[in-house]
Amino acid sequence: MASRSLTARPDDAAPAAEASEVEHGPPAATTQGREHRFDVDVLRLLASCTVMLGHVAATFIHVVDDDRSNGAGAYWTGHFFEAVNSFAVPVFFAIAGWGVLVGATPRNEGRMWTRIVRTGVPLFVWTGVYLVWAWARDRNDDPVVDLAVDSLFASVQPAYHLWFLYAYLPVVAVLAFAVLLKDGQRPWKLGVALLAVAVAPSTLSTVGEITGWAVPRVGWGFGTYSLVYAVAGGLLIALPGSVLRGRRWPFAVLLPLTMAGCLWYHTQIHYVIPNAHLFVGLMTACVLLLVSRRRVPERLRGPLRRLADAAMGAYMVHVLFVEELVRPLVSADLGGAAAVGTLLGLLGAVIALSYGASLLWGRLGLRRLLG
């Protein structure tokens, strides 16, 4: 199985992304009288930065070909920090579930399509950016036109981290479909879109068998684990503060144990651990319950909200910095202390550059195009 930073498979990769108001729900705070959940903003930033940590850490594992004999310092440093980041993707699914089911429930089908488009446009814009970048750097294995066509159906190299949105959008759509049905509405367009997602793999496979054509791989859709994380997120993030008060300490104890379990799995069983693994599920629950309903000081709320608004864009662009900045500077010859220091320094640079770029194009009014 490929690593998180190279694969486009949703069962074992760990990128991170957020999508517009589904996740933080400012319209819900305004139109439905709900307070803004700054603790959810913290979760978004935590998961976003942890995704970047995972991609930076993966370069240390790749440089030694996941073999400790090629460089123990880089090997153990990469695996240690990869184990820490395993909760990031499930947390994003959890936030998505909370947003649709509780935080900013869709009022009608049109509003839901607006949310989907606000995520889908940056997905394809950034896919194009990565394809052009890789073409300019002579890194594409296939013709750009072929990759562009394939990207309509699934994530492609070098935009490997965008696989998440091919799973995220169907999860959001199916939850919204259920909510609208419960409210007595008839979201026909969402239903047709979900039906198309459901039958696309078998339909293309049949076309390929009949014609002999090489049909694209289909990445649209979600596994059981992603839907469970989304629904469970709706439950856990919506818990009142009184339920959690004084009861968080067991999760603080369990969290490092789950991370140690992921490290053991990565180094002794297989790299990388599936998102559906028990260790990852417990880790995700611990993170949600430790952060949810925490009070954010007033002085930090403004900057926190601005950074949270920039999180999706930072996720979109950060792989450029990982590939161009981090990968050339990571060496298999690094000792343990040097590897840790190098990783933390490079991580800080990737986070600063990614969020800085996202904040910049936000000020330029490009958020709807670039996330």
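A short tour of the structure in this document, coming up. (Residues numbered from 1 in each chain as written. Predicted model: local features only at pLDDT ≥ 70, side-chain atom pairs only at ≥ 80, totals over all residues. Heavy atoms only, no water.)

**Points about the overall build of the protein**
For the protein, the count of helices and strands is 17 helices and 0 strands. For the protein, whose C-alpha radius of gyration is 20 Å, the value lies close to the compact-globule estimate of 21 Å for 371 residues. Principal-axis analysis of the C-alpha atoms places the extent of the protein at approximately 65 × 60 × 40 Å. When the 371 residues of the protein are sorted by exposure, 50% land in the buried category. Counted over contacts in the protein with a minimum sequence separation of 6, partners at least 24 positions apart contribute 82%. Accessible area for the protein stands at about 15,900 Å²; split by element, carbon and sulfur atoms hold 66% of it. (Helix = DSSP H or I, 4+ residues; strand = E, 2+ residues; numbered from the N terminus. Rg over C-alpha atoms; globule rule 2.2 N^0.38 Å. Buried < 20%, exposed > 50% of the residue type's maximum accessible area, 1.4 Å probe, protein only. Contact = heavy atoms within 4.5 Å. Areas by Shrake-Rupley, 256 points an atom, 1.4 Å probe, with all protein chains shown as cover.)

**Digging into the pattern of salt bridges**
According to the stated counting rule, one finds 6 salt bridges in the structure shown. Two residues, Asp41 and Arg44, come together in a salt bridge whose shortest N-O distance is 3.7 Å. Here Asp41 pairs with Arg44, and both are found in helix H3 (residues 38–63), just 3 residues apart, close to one helical turn. The exposure class assigned to Asp41 is buried, which follows from its relative accessible area of 1%. With a shortest N-O distance of 3.0 Å, Glu323 and Arg327 are connected by a salt bridge. Here Glu323 and its partner Arg327 are both found in helix H15 (residues 311–329), 4 residues apart, which amounts to about one turn of the helix. (Salt bridge = Lys/Arg side-chain N within 4 Å of Asp/Glu carboxyl O.)

**Points about the packing of aromatic side chains**
Tallying each qualifying case throughout the model produces 12 aromatic pairs. Both rings, one in Trp126 and one in Tyr130, keep their centres 6.0 Å apart while their planes meet at 50°; by these two values the pair is tilted. With Trp126 and Tyr130 both in helix H6 (residues 109–136) and 4 residues apart, the pair spans about one turn of that helix. Across the pair, Tyr130 and Trp126 agree in class, each one buried. Between Trp163 and Phe164, the ring centres sit 5.9 Å apart and the planes meet at 85°, which makes this aromatic pair edge-to-face. Take Trp163 and Phe164: they sit in the same class, and that class is buried. By way of ring pairs, the aromatic residues Phe92, Phe93, Trp163, Phe164, Tyr168, Tyr225 and Tyr229 are connected into one cluster. (Phe/Tyr/Trp six-rings, centres within 6.5 Å; stacked < 30°, edge-to-face > 60°.)

**Some thoughts on a negative patch on the surface**
A cluster of acidic residues, Asp141, Asp142, Asp146 and Asp150, forms a negative patch at the surface. Considering the arrangement of structural elements, one finds Asp141 in the loop between H6 and helix H7 (144–151). (Patch = residues over 30% accessible without salt bridge, like charges linked within 9 Å, V, L, I, M, F, W, Y side chains within 5 Å. Lys, Arg positive; Asp, Glu negative; His and termini not counted. Charge placed at Lys NZ, Arg CZ, Asp CG, Glu CD.)

**Quick notes on the packing of helix H12 (residues 249–269) against helix H13 (residues 278–291)**
Contact geometry of H12 with H13 gives a least axis separation of 9 Å together with a crossing angle of 150°. The pairing of H12 with H13 is recorded here as roughly antiparallel in orientation. For the pair H12 and H13, the sense of crossing is left-handed. Note on element contacts: H13 touches H12 through Phe279, Val280, Leu282, Met283, Cys286, Val287, Leu289 and Leu290, opposite Phe251, Ala252, Leu254, Leu255, Thr258, Met259, Gly261, Cys262 and Trp264. Partitioning the contact of H12 with H13 into residue classes produces 15 nonpolar, 2 polar and no charged. (Axes fitted to C-alpha atoms, helices over the stretch in contact; angles between N-to-C directions. Parallel < 35°, antiparallel > 145°, perpendicular 65-115°, else oblique. Left-handed = near helix turned anticlockwise from the far one by under 90°. Nonpolar A, V, L, I, M, F, W, Y, C, P; charged D, E, K, R; others polar.)

**Section: the packing of H6 against helix H9 (residues 188–211)**
One way to put it is that H6 packs onto H9 with a least axis distance of 9 Å and a crossing angle of 45°. It follows that H6 is oblique to H9 by the angle criterion. Contact residues: H6 offers Glu109, Met112, Trp113 and Ile116, while H9 offers Trp188, Lys189, Leu190 and Ala193. Partitioned by chemical class, the residues of the contact of H6 with H9 number 6 nonpolar, no polar and 2 charged.

**What to know about the environment of Cys286**
In this structure, Cys286 sits in helix H13. Residues Cys286 and Pro250, spaced 36 residues apart in sequence, show a C-alpha to C-alpha distance of 8.7 Å.

**Quick word on a nonpolar patch on the surface**
A grouping of Val117, Val121, Leu360, Leu364, Leu366 and Leu369 is seen on the molecular surface, where their side chains present a nonpolar patch of about 510 Å² in accessible area. Relative to the helices and strands, Leu360 resides in helix H16 (residues 336–363).

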